[in-house]
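For reference, the chains in residue letters:
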Amino acid sequence: MQLRIHYYALMREQAGRSEETLDTSAATPADLYAELLTRYGFTLTREQLKVAVNSEFSDWSQPLTAGDAVVFIPPVAGG
Amino acid sequence: MRFRFTPAAIDTCAARRELLDLGAGGYVSFEGWVRDHNEGQEVMRLEYEAFQELAVKEGERIVAEALRRYPVKQALCIHRVGSLDLSAMAVWVGVSSAHRGEAFDACRFIIDEVKHRVPIWKKEHYRSGDSGWVNCERCAEPGHRHDPSHDHVHHGEPAVLAIQK
């Protein structure tokens, strides 16, 4: 299944890209993060992140479907 | 739109006009500025980055919550993105209301919630030449003391993290 992934801030720098289309067997955002953690060596753990699917906050165990856009959200620092 | 981003300087005169309301007896605003230090480091400038699609939705939800919780007339929040020099305005919140008390409360509520909930990130560039994403990197350093009064959220900190240099 193909997913669209966008990276921001520290994760964008660590992944070396701001977006990509990925062929993956990850069934949930949790699975997907585990896969990407191995690939890019992100320093943030899943417990420090939130996740958004199709531009809305999501659960880590929500099933992903082909074409979903996933964003991992590092600890925020607006203001 | 009651929450929005701008890549250019925030025009507070124009923003204030959006709050005018015949029933309002005044307005309260908050400006967040870029300061020259943070947690013992000398800061030279900041970069703000946002996941704008979700950030605008969440920002709108916060302002809508403020309008439900407090009997105020109008409210608006504008946040910068991009590179900001010292003393530049990073965020502006304005609230108009019949009486001042609820305007102060609603303004405080909006800025506090924006800092905790809206997907915006801040990279500090230090005099030392170093730089770091606030809340993402320095909290992981062994020497970083956790002052319980500081105002950022730690999402379930792990005991040990790799240090990014």
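Reference entry: report on the structure contained in this document. (Residues numbered from 1 in each chain as written. Chains lettered and ligands numbered in written order. Predicted model: local features only at pLDDT ≥ 70, side-chain atom pairs only at ≥ 80, totals over all residues. Heavy atoms only, no water.)

### Section: the packing of aromatic side chains
Residue and element names in this part refer to chain A. For the coordinates displayed, the defined rule picks out eleven aromatic pairs over all chains. Residues tyrosine 7 and phenylalanine 42 carry aromatic rings whose centres are separated by 6.0 Å and whose planes lie at 45° to one another, so their mutual orientation is tilted. With tyrosine 7 in the loop between strand E1 (2-6) and helix H1 (9-15) and phenylalanine 42 in the loop between helix H2 (29-40) and strand E3 (50-53), the pair connects residues that are 35 residues apart, well separated along the chain. As far as the burial class goes, tyrosine 7 and phenylalanine 42 line up, both buried. Aromatic side chains tyrosine 33 and tryptophan 60 sit 6.3 Å apart centroid to centroid with 65° between the ring planes, which places their arrangement in the edge-to-face category. Of the two residues, tyrosine 33 is situated in helix H2 and tryptophan 60 in the loop between strand E4 (56-58) and strand E5 (69-73); the sequence distance between them amounts to 27 residues. For the pair tyrosine 33 and tryptophan 60, one class covers both residues: buried. An aromatic cluster of at least three residues, connected via ring pairs, comprises Tyr7, Tyr33, Tyr40, Phe42, Trp60 and Phe72. A cation over a ring is seen here: lysine 50 above phenylalanine 57, with NZ or CZ 5.8 Å from the ring centre. (Phe/Tyr/Trp six-rings, centres within 6.5 Å; stacked < 30°, edge-to-face > 60°. Helix = DSSP H or I, 4+ residues; strand = E, 2+ residues; numbered from the N terminus. Buried < 20%, exposed > 50% of the residue type's maximum accessible area, 1.4 Å probe, protein only. Lys NZ or Arg CZ within 6 Å of the ring centre and 35° of its normal.)

### A few points about the interface of chain A and chain B
Taken together, the contact between chain A and chain B spans 26 residues of the former and 32 residues of the latter. Taking both sides of the interface into account, the surface hidden between chain A and chain B amounts to around 2600 Å²; carbon and sulfur atoms contribute 59%. The largest contributions to the chain A side of the interface with chain B come from A:Ser55, A:Val76 and A:Gly79, which together make up 23% of the buried area. Across the chain A-chain B interface, the total number found is four salt bridges. (Contact = heavy atoms within 4.5 Å. Buried area = accessible area lost by both parts, 1.4 Å probe. Salt bridge = Lys/Arg side-chain N within 4 Å of Asp/Glu carboxyl O.)

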